[in-house]
Amino acid sequence: MIRKEFLCFILIFSLLASEAGAWGFFAHQRINRLAVFCLPPGMLPFFKHHIVYLTENAVNPDRRRYAVKGEAPRHFIDIDVYGDSALWKMPRRWNDAVAKYSEDTLMEYGIVPWEVNRMKYVLQRAFETKNVNAILRTAADLGHYIADSNVPLHTTQNYNGQMTGQKGIHGFWESRLPELFSEDYDFFVGQAEYEKRVLDRAWRGVIEAHSALDSVLKFEKQLDARFSPDRKYGYEQRGNVTTQVYSREYSSAYHEMLGNQVERRMRASIREVADLWYTAWVDAGQPDLTALLDYRFSEKEQQEMEEERKQWQKKTIEVRTEESAQINLEEFLYGVCCNHSEKGHCSK
Ligand SMILES: [Zn+2]
């Protein structure tokens, strides 16, 4: 158990300010928010009307991963566990993959592409029944899983550089870099288009992300050899806590080496979110969403959401550790510093 007064050694950090947060909170929220503006006129007014909800709840799947059984594997797929050329050998369809590797194995090493595909159908059903609560919840969740599937470090067993002496790289790439540099990204990704092959599209995100993994790890390794620790890390004040972060100089050098990689993955995520929201709506028969514009969450629904959030904070489930950095941020926001066993996330 790590004591509260220890400084958080969070290799992620953004958060804090306003809506920022750990494909980290910050990037997840940005991706869902920007996807709204890619939607066609039949969807745009409704989604714009609820843009605050879709943004704020973009991180619900991370919030509940410590409290909901079966949640954690939905965020990643350790494709390299399956050996050489696994990306090409892995059956695309769930039943075929289960037949080849067993469900237990798939659950252990992550199921994100299948979850993206499944959630598209859940969203379609929500549109068909015109259930506003379900539409919003599912759209926000689907956006999250799509964004995760586009992150290179969500496609490997070396998810936090722990196998290559690069611990902390997960949050560095997916939170620190977007936080520092995404203001200059070009997020104009065009209008949403119908996706005929949803499962293949989900796999495309994983394939592109995994193809970028080599550079993610290699460039950071090269850079580490050129920087002394005191230049590699710096400290930033977060509220009342001093947090150790990758220095701006180091972050900037890494970002430059990666070219537009982080921007490309964010752009791909935004477009995929918009395309699959749109596809679910089309496949549901393009229900008239203007009729739902006046919908307000009832008091009961609001209470249920509140209660659910409380349940998620209980964190009764052990999950792999790179994600815990994200939770640190939430704990930080609520004034509680690190409370998990992984060394390296916290230090004196
Ligand atoms: Zn996630």
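Keep in mind that this is a model prediction, so the values were computed, not measured.

## Concerning the overall build of the protein chain
Here is step 1 of the chain: Across its full length, the protein chain carries 16 helices and two strands.
Here is step 2 of the chain: By residue count, 44% of the 348 residues in the protein chain fall in the buried class.

## Side note on the packing of helix H11 (residues 198-226) against helix H13 (residues 248-257)
Here is step 1 of the chain: It is at 10 Å that the axes of H11 and H13 come closest, and there the two elements cross at 140 degrees. If you check the angle between H11 and H13, you find them oblique. In this structure, the crossing between H11 and H13 has a hand that is right-handed. In this structure, H11 uses Phe219, Glu220 and Leu223 to contact H13, whose residues at the interface are Tyr250, Ala253, Tyr254 and Met257.
Here is step 2 of the chain: Its residues placed into classes, the contact of H11 with H13 shows six nonpolar, no polar and one charged.

## Points about the pairing of strand E2 (residues 241-246)
Here is step 1 of the chain: Relative to E2, strand E1 (residues 233-238) is paired through six bridges, and the arrangement is antiparallel. Note on E2: the bridge partner recorded for glutamate 236 is threonine 243.
Here is step 2 of the chain: The turn joining E1 and E2, which pair antiparallel and follow one another in sequence, is formed by two residues; a positive phi near 60 degrees is taken by glycine 239.

## So, helix H8 (residues 112-128)
Here is step 1 of the chain: An ideal rise of 1.5 Å per residue puts 24 Å on 17 residues; H8 measures up with 24 Å between its terminal C-alpha atoms.
Here is step 2 of the chain: The buried fraction of H8 amounts to 12 of the 17 residues, a majority that puts the element mostly inside the structure.
Here is step 3 of the chain: If you follow the buried residues of H8, they end up packed against helix H6 (94-101), helix H9 (132-149), H11 and helix H14 (261-283).
Here is step 4 of the chain: Just downstream of H8 lies lysine 130, where phi reads positive at about 50 degrees.

## Things to note about the packing of helix H1 (residues 25-36) against H9
Here is step 1 of the chain: Between H1 and H9, whose axes approach to 10 Å, the crossing angle comes to 120 degrees. Judged by the inter-axis angle, H1 sits oblique to H9. For the pair H1 and H9, the sense of crossing is right-handed. Contact residues: Ala27, His28, Ile31, Asn32 and Ala35 in H1; Ala140, Gly143, His144 and Ala147 in H9.
Here is step 2 of the chain: Residues belonging to the contact of H1 with H9 are distributed by class as follows: five nonpolar, four polar and no charged.

## Regarding unusual backbone geometry
Here is step 1 of the chain: Of note in this structure, serine 85 is not a glycine but carries a positive phi near 55 degrees.
Here is step 2 of the chain: With phi around 50 degrees, lysine 130 is a residue other than glycine that occupies positive phi space.
Here is step 3 of the chain: Structurally, lysine 130 can be placed in the loop between H8 and H9.
Here is step 4 of the chain: You can call lysine 130 partly exposed: it has 15 C-beta atoms within 10 Å.

What counts and what doesn't
- Residues numbered from 1 in each chain as written.
- Predicted model: local features only at pLDDT ≥ 70, side-chain atom pairs only at ≥ 80, totals over all residues.
- Helix = DSSP H or I, 4+ residues; strand = E, 2+ residues; numbered from the N terminus.
- Buried ≥ 20, exposed ≤ 12 C-beta atoms within 10 Å, placed from the backbone.
- Axes fitted to C-alpha atoms, helices over the stretch in contact; angles between N-to-C directions.
- Parallel < 35°, antiparallel > 145°, perpendicular 65-115°, else oblique.
- Left-handed = near helix turned anticlockwise from the far one by under 90°.
- Contact = placed C-beta atoms within 7 Å.
- Nonpolar A, V, L, I, M, F, W, Y, C, P; charged D, E, K, R; others polar.
- Pairing = 2+ DSSP bridges.
- Expected span 1.5 Å × (residues − 1).

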